[in-house]
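Here are the chains, one letter per residue:
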Amino acid sequence: AQSVTQLGSHVSVSEGALVLLRCNYSSSVPPYLFWYVQYPNQGLQLLLKYTSAATLVKGINGFEAEFKKSETSFHLTKPSAHMSDAAEYFCAVSNSGNTPLVFGKGTRLSVIA
Amino acid sequence: KAGVTQTPRYLIKTRGQQVTLSCSPISGHRSVSWYQQTPGQGLQFLFEYFSETQRNKGNFPGRFSGRQFSNSRSEMNVSTLELGDSALYLCASSPGGGLSNTEAFFGQGTRLTVV
């Protein structure tokens, strides 16, 4: 069975600081991995996805994530946080295009001016 | 291109009642998935419909059901509502089967409150 663990339910960074949100997965087969962002009272928006092409994936809004098979990790980073990045971030895994997404519990990112 | 549309956005129901939520996927998308989001349990998969057939099902009681119409629009129904059914219900649409199904586009959700 697939599962996703997001370390830290809440992360707080200063504006301009590095953002690092952690995600570890377990999967019996090579996974597809995703990061989604959710703003208050909104649905989920796809930030980026890994589907076995390049291990470093660039997404929208300056975010990127690196797939590390040896560490079963897919951490999300952004060099410089903006106030507008404050939101909830979800990591998700799927074994194939025909299986549902399994989400982590989410990490709420706060950005301090 | 219009996004995923969920109606209504907000709903208040009484325990024991039933409710129907609607989701219109992106034009051309044939797969619709439903998720329940609560503070305690996070995002949990309910079911997925593809070309009017339920393709995947999560671990929810039979009170939760869904269907998909020939135009890919989907509805989910919850009967005999319980207080614990209060949640944000999210619908996601995907192009179709295989790799193209890996990109899911979410609607804004329906906030259901059961009193």
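The text that follows walks through the structure, step by step, so that each part is easy to find.

How each quantity is defined
Residues numbered from 1 in each chain as written. Chains lettered and ligands numbered in written order. Predicted model: local features only at pLDDT ≥ 70, side-chain atom pairs only at ≥ 80, totals over all residues. Heavy atoms only, no water. Pairing = 2+ DSSP bridges. Helix = DSSP H or I, 4+ residues; strand = E, 2+ residues; numbered from the N terminus. Axes fitted to C-alpha atoms, helices over the stretch in contact; angles between N-to-C directions. 1 Å grid on protein atoms, 1.4 Å probe; cavity = no way out; pocket = protein on both sides within 12 Å on 5 of 7 lines; lining within 4 Å. Points joined across faces, edges and corners; volume = space filled by probe spheres on them. Nonpolar A, V, L, I, M, F, W, Y, C, P; charged D, E, K, R; others polar. Buried < 20%, exposed > 50% of the residue type's maximum accessible area, 1.4 Å probe, protein only. Contact = heavy atoms within 4.5 Å. Disulfide = S-S within 2.5 Å.

1. Observations concerning the sheet that holds strand β3 (residues 19–26) of chain A
Residues and elements named next belong to chain A.
At step 1: In space, the five strands of this open sheet follow the order β1-β3-β8-β7-β6, with antiparallel pairing throughout. Each end of this open sheet is capped by a strand with a single partner; those strands are β1 (3–7) and β6 (56–58). Strand-to-strand twist of the sheet, defined as the mean angle between neighbouring strand axes without regard to direction, takes the value 20°.
At step 2: Bridge count between β6 and strand β7 (residues 64–68): three bridges; the pairing is antiparallel. Its bridge partner being in β7, Val57 is matched across the sheet by Ala65.

2. Regarding the layout of surface pockets
At step 1: The space that makes up the largest pocket amounts to roughly 430 Å³.
At step 2: A:Gln38, A:Glu88, A:Phe90, B:Gln37 and B:Pro39 are, among the 19 residues lining the largest pocket, the residues nearest its centre.
At step 3: Looking at the lining of the largest pocket, the elements with two or more residues in it are β9 (87–94) and β11 (107–112) of chain A together with β4 (31–38) of chain B.
At step 4: In terms of residues, the lining of the largest pocket owes the most to one element, β9(A), which gives three residues.
At step 5: Grouping the amino acids of the lining of the largest pocket by side-chain chemistry returns eight nonpolar, seven polar and four charged.
At step 6: Here the second largest pocket defines a volume of roughly 240 Å³.

3. Some words on the environment of A:Ala92
All names here are of chain A.
At step 1: With respect to the helices, strands and loops of the structure, Ala92 is situated in strand β9.
At step 2: For Ala92, a relative accessible area of 0% corresponds to the buried category.
At step 3: Along the chain, Ala92 and Gly16 lie 76 residues apart, while their C-alpha atoms are 26 Å from each other.
At step 4: Apart from the residues within four sequence positions on either side, Ala92 is in contact with Val4, Tyr32, Leu33, Phe34, Leu101, Val102 and Phe103.

4. Brief notes about the state of the cysteines
One way to say it: the disulfide is the covalent bond shared by the sulfur atoms of two cysteines.
At step 1: This model, assessed by the stated rule, comprises two disulfides over all chains.
At step 2: Sulfur-sulfur distance for the disulfide between A:Cys23 and A:Cys91 comes to 1.9 Å. Judged by the torsion about the S-S bond (-65°), the A:Cys23/A:Cys91 disulfide is left-handed. Note that A:Cys23 is positioned in strand β3 and A:Cys91 in strand β9, a separation of 68 residues in sequence. This pair shows no difference in class: A:Cys23 is buried, exactly as A:Cys91 is.
At step 3: Across a sulfur-sulfur distance of 1.7 Å, B:Cys23 and B:Cys91 are joined as a disulfide pair. Every disulfide takes its handedness from the sign of the S-S torsion; for B:Cys23 and B:Cys91 that torsion is -55°, giving left-handed. Linking B:Cys23 in strand β3 (residues 19–24) with B:Cys91 in strand β9 (residues 87–94), this pair joins segments that are 68 residues apart in sequence.

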